Number of protein chains: 2
Amino acid sequence: MVKYKDDMLNTTFSALADPTRRAILARLAKGEAQVTEQAEPFGISLPAVSKHLRVLEKAQLISRHVEGRVHRFTVNPAPLQSANNWIDTYQKFWEQQLDSLGEYLKHTRSKEKAK
Amino acid sequence: MVKYKDDMLNTTFSALADPTRRAILARLAKGEAQVTEQAEPFGISLPAVSKHLRVLEKAQLISRHVEGRVHRFTVNPAPLQSANNWIDTYQKFWEQQLDSLGEYLKHTRSKEKAK
């Protein structure tokens, strides 16, 4: 289970590490879209967009709905939720550490002023 | 500025797409650590850990503090915050879409039951 979760996080973060793929996901946040609609705003070729869509599909970040020749796409938020959860879990610790450091520095400074 | 932000997100997500690097960040959430302390729990060689640490350092996810021969590491939460913000922004839209779909299905079902 941990291995599966780890693999999924690898795939999700790897898929998000590309600006065109993030832009595709951002476009799909507005609603489902066809491949041709996907290609227009990026000024890249249809095959290039198709390749990015396949990466996102493999990462289970999007779903493809085929109606005849029309391929439509929607976003699956679940893997993104897992990615967010991973960051959230540890971010709390790091922020606590920074808060403690901040408090320590404030305390040290006020002690120095009092001298 | 957008280009810089995009580049930073590429680097952050790419750095997070590896289980050892995520484990190193998770370890650093407990407090700063030396390279040798980093290598122990992963059962991998020191050079392998050093390589991962360089990737994390280049992505500005960690900072290195050198005291003589001792290299200590701490986490920088800022790039993780940006990654989280990116996901958060769009997740809201996708969840709204799923909520609307859920509402629509509930509505359709209750209408069918009423028939």
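Above this text you will find the structure in question.
Analysis parameters
Residues numbered from 1 in each chain as written. Chains lettered and ligands numbered in written order. Predicted model: local features only at pLDDT ≥ 70, side-chain atom pairs only at ≥ 80, totals over all residues. Heavy atoms only, no water. Axes fitted to C-alpha atoms, helices over the stretch in contact; angles between N-to-C directions. Helix = DSSP H or I, 4+ residues; strand = E, 2+ residues; numbered from the N terminus. Parallel < 35°, antiparallel > 145°, perpendicular 65-115°, else oblique. Contact = heavy atoms within 4.5 Å. Nonpolar A, V, L, I, M, F, W, Y, C, P; charged D, E, K, R; others polar. Least-squares fit on C-alpha atoms with pLDDT ≥ 70 in both. Pairing = 2+ DSSP bridges. Buried area = accessible area lost by both parts, 1.4 Å probe. Salt bridge = Lys/Arg side-chain N within 4 Å of Asp/Glu carboxyl O. Polar contact = N/O pair within 3.5 Å; in protein donor to acceptor, adjacent residues only side chain to side chain. Core = buried A, V, L, I, M, F, W, Y, C linked by side-chain atoms within 4.5 Å. Buried < 20%, exposed > 50% of the residue type's maximum accessible area, 1.4 Å probe, protein only.

> Break down the packing of helix H2 (residues 19–28) of chain B against helix H4 (residues 46–58) of chain B for me, citing the residues and quoting the values.
All names here are of chain B. One way to put it is that H2 packs onto H4 with a least axis distance of 10 Å and a crossing angle of 75°. As summarised for this structure, H2 and H4 are arranged roughly perpendicular, according to the angle between their axes. Contacts between H2 and H4 involve Thr20, Arg21, Ile24 and Leu25 from the first element and Val49, His52, Leu53, Val55 and Leu56 from the second. Split by residue class, the contact of H2 with H4 holds six nonpolar, two polar and one charged.

> I'd like a description of the relation of the copies chain B and chain A, backed by residues and values.
Expressed as a screw transformation, the operator carrying chain B onto chain A has a rotation angle of 180° and an axial translation of 0.0 Å, and the superposed copies differ by an RMSD of 0.0 Å. Each copy turns onto its partner about a two-fold axis. When you check the interface residues of chain B against chain A, 100% turn up at the interface there too, and the contact is symmetric in its surfaces.

> Break down the sheet that holds strand E3 (residues 70–75) of chain B for me, citing the residues and quoting the values.
Residue and element names in this part refer to chain B. One open sheet accounts for three strands, arranged E1-E3-E2; its pairing is antiparallel. The sheet is open, and its two edges are formed by strand E1 (33–34) and strand E2 (62–67), each paired on a single side. Where E1 meets E3, two bridges bridge the pair, whose relative direction is antiparallel. In the strand pairing of E3, Ala33 is matched with Phe73. Packed on one face of the sheet, H2 meets E1, E2 and E3 and runs near 90° to E3. The sheet strands contacting H4 are E2 and E3, and the helix crosses E2 at an angle near 115°.

> Give a description of the sheet that holds strand E2 (residues 62–67) of chain A that names residues and reports values.
Note on sheets: strands pair through backbone hydrogen bonds, and any given pair is parallel or antiparallel. Residues and elements named next belong to chain A. Reading across the sheet, the three strands line up as E1-E3-E2 and stay open at both edges, with antiparallel pairing between neighbours. Two strands in the sheet have a free side with no partner beyond their single neighbour: strand E1 (33–34) and E2. Contacts between helix H2 (residues 19–28) and the sheet are confined to E1, E2 and strand E3 (70–75), with E3 contributing the most and set at about 90° to the helix.

> Which residues make up the interface of chain B and chain A, and what values go with them?
The interface is formed by 32 residues belonging to chain B together with 32 residues belonging to chain A. Between chain B and chain A lies a buried interface of about 2,800 Å² when both sides are counted; carbon and sulfur atoms form 62% of it. Viewed at the interface, chain A and chain B are joined by two salt bridges. A salt bridge links Arg22 of chain B to Asp6 of chain A, with the shortest nitrogen-to-oxygen separation between them at 3.1 Å. The interface formed by chain B and chain A holds eight residue pairs in polar contact (both at pLDDT 80 or more) in total. Contributing elements (two or more residues each) for the side of chain B that touches chain A: helix H1 (2–16), H2 and helix H5 (77–114) of chain B. Among the elements that line the side of chain B that touches chain A, the one with the most residues is H5 of chain B, at 15 residues. Of the residues that constitute the side of chain B that touches chain A, the class distribution is 19 nonpolar, seven polar and six charged.

> Explain the nonpolar core residue by residue, including any values.
With 48 residues, the main nonpolar core has Phe13, Leu25 and Ile62 of chain A together with Phe13, Leu25 and Ile62 of chain B as its most contacted residues. Excluding residues that lie within four positions of it along the chain, Phe13 of chain B makes contacts with Phe13, Leu16, Ala17 and Arg22 of chain A together with Ala83, Trp86 and Ile87 of chain B.

> Before we move on, can you summarise the environment of Val35 of chain B with the specific residues and values?
Residues and elements named next belong to chain B. Assignment of secondary structure puts Val35 in helix H3 (residues 35–39). Assessed through its relative accessible area of 16%, Val35 is described here as buried. In the structure, Val35 is positioned 30 residues away from His65 in sequence and 11 Å away in space, judged by C-alpha atoms. Filtering out sequence-adjacent residues up to four positions away, Val35 remains in contact with Leu46, Val49, Ser50, Leu53, His71 and Phe73.

> Before we move on, can you summarise the pairing of E3 of chain A with the specific residues and values?
Two strands pair when backbone bridges link them, and E2 of chain A and E3 of chain A are joined in this way by six bridges, in the antiparallel orientation. Along E3 of chain A, the bridge assignment pairs Val66 of chain A with His71 of chain A.

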